[in-house]
Amino acid sequence: MQQALHARSSLEVDLRLGLANGELFAHYQAVVDPQGKVHGVEALARWNHPERGAISPMEFIPLAEQTGLILPLGQLILRAACEQLVRWAASTKTAHLSMAVNVSARQFRQADFVDQLRELLERSGAEPTRLKLELTESLVLDNVADTIAKMHAIKLLGVTFSMDDFGTGYSSLSYLTRLPLDQLKIDRIFVADVLTNRADAAISRTIMTLAHSMGLEVVAEGVETQAQQDFLVAEGCDQFQGYLFSEPLPLAKLEAYL
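Let me sum up the structure you'll find in this document. (Residues numbered from 1 in each chain as written. Predicted model: local features only at pLDDT ≥ 70, side-chain atom pairs only at ≥ 80, totals over all residues. Heavy atoms only, no water.)

Side note on the environment of S124
Following the sequence through the fold, S124 ends up in helix α5 (residues 113-124). For S124 and V86, which are 38 residues apart along the polypeptide, the C-alpha to C-alpha distance reads 7.3 Å. Contact partners of S124, with chain neighbours within four places excluded, come to C82 and V86. Polar contacts involving the side chain of S124 include one to the main-chain carbonyl oxygen of L121, which spans 3.4 Å. Within polar-contact distance, the side chain of S124 engages the backbone nitrogen of A126 at 3.2 Å. (Helix = DSSP H or I, 4+ residues; strand = E, 2+ residues; numbered from the N terminus. Contact = heavy atoms within 4.5 Å. Polar contact = N/O pair within 3.5 Å; in protein donor to acceptor, adjacent residues only side chain to side chain.)

Digging into the pairing of strand β4 (residues 98-102)
With four of its five residues buried, β4 lies for the most part within the structure. Pairing between strand β2 (residues 38-49) and β4: four bridges, direction parallel. Pairing of V41 across the sheet is with M99, part of β4. Bridge count between β4 and strand β5 (residues 131-136): four bridges; the pairing is parallel. By the bridge assignment for β5, A100 is matched with K132. (Buried < 20%, exposed > 50% of the residue type's maximum accessible area, 1.4 Å probe, protein only. Pairing = 2+ DSSP bridges.)

Considering the pattern of salt bridges
If you walk through the whole model with that rule in mind, you get eleven salt bridges. Of the charged contacts, one joins E42 and K185 as a salt bridge, the two residues approaching to 3.2 Å between their closest N and O atoms. On the criterion of sequence distance, the pair formed by E42 in strand β2 and K185 in strand β7 (residues 183-186) is long-range, its members being 143 residues apart. By the burial criterion, E42 is buried, and K185 matches it. Through salt bridges with shared partners, one network takes in E42, E134, K185 and E221. (Salt bridge = Lys/Arg side-chain N within 4 Å of Asp/Glu carboxyl O.)

A closer look at the pairing of strand β1 (residues 24-32)
β1 sits mainly inside the fold: eight of its nine residues count as buried. Examined bridge by bridge, β1 and β2 share nine bridges and lie antiparallel to one another. If you follow L24 over to β2, its bridge partner there is W47.

Concerning helix α7 (residues 144-155)
When the terminal C-alpha atoms of α7 are compared, their 16 Å separation across twelve residues agrees well with the 16 Å that a helix rising 1.5 Å per residue should span. Regarding α7, the residues found buried are V144, T147, I148, K150, M151 and I154. In the core, the buried residues of α7 are packed alongside α4 (105-108), α5, β5, α6 (137-142), β6 (160-166) and α8 (173-176). (Expected span 1.5 Å × (residues − 1).)

Side note on the side chain of Q241
Mapped onto the elements of the fold, Q241 is located in the loop between β9 (239-240) and α12 (251-257). Judged by relative accessible area, Q241 falls into the buried class, the value being 2%. With sequence-adjacent residues up to four places away left out, Q241 is seen in contact with Q29, A30, V31, E42, K185, V219, A220, E221, G222 and V223.

A closer look at the side chain of E23
Note on placement: E23 falls in the loop between α1 (2-21) and β1. With no salt bridge to any partner, buried E23 finds its closest opposite charge in R52, at an N-O distance of 9.8 Å. A distance of 3.0 Å separates a polar atom in the side chain of E23 from a polar atom in the side chain of W47. Leaving out residues up to four positions away in the same chain, E23 has contacts with G18, R46, W47, N48, H49 and P50. (Lys, Arg positive; Asp, Glu negative; His and termini not counted.)

Focus: the packing of aromatic side chains
Throughout the structure, instances matching the rule amount to four aromatic pairs. Where W47 meets F60, the ring centres are 5.7 Å apart and the plane angle is 90 degrees; that geometry is what we call edge-to-face. Of the two residues, W47 is situated in strand β2 and F60 in helix α2 (residues 57-67); the sequence distance between them amounts to 13 residues. Residue W47 shares its accessibility class with F60, and that shared class is buried. For the pair F240 and F245, a centre-to-centre distance of 6.3 Å together with 40 degrees between the ring planes defines the contact as tilted. The class for F245 is buried, based on a relative accessible area of 15%. (Phe/Tyr/Trp six-rings, centres within 6.5 Å; stacked < 30°, edge-to-face > 60°.)

Structure below.
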């Protein structure tokens, strides 16, 4: 236990220094349609430690959540996303791309989060309709009234919303109809076994039917094989994200892929 506490404390110190020294940055994973055309990307936080090299997000994101460092980290990724949207807007090749950014519960619950977002959009000059905030089910259901009010305020800025990891939580359909969502994302745990597990296939179909009946787009996460994509296309899935198309890439490699 002492060793675990020491390791956690050491990593927290390194994370604070890493944020201050510019060691954390965004990689981008493509989101494609059934024909393989890239419609947008998801910005994902990455950390290149000067001594330990690349550190898994599975290791540093939970720590950032627990320590409150998710606030400067989340702001860093949001700012990088907006600045990149501005650069892409200058080219006809990339002007159509959208940018999805995960927003943590701690970040979203800040009393001035809407004001922060408005200021960032105005300062960067990013087109708000190209920015998509991804929220989890647990975040949305934690305080429904506050969430709905804040989402509507953000929608007035022009920003869109996606519900990430849909199907893994305990969503109430009555709440779902009240949320100003634009997209649902089928979690990778269902996609992974969609060809071999009848329950996962049924859940995936149900999510697609539900989303389309509400006028929402559907993105399947974690698509790794052509057979998985073929099944999802046949069931009406709109867009796809996963290693079949592209891993999360640094900007230069992503733009070469485009």
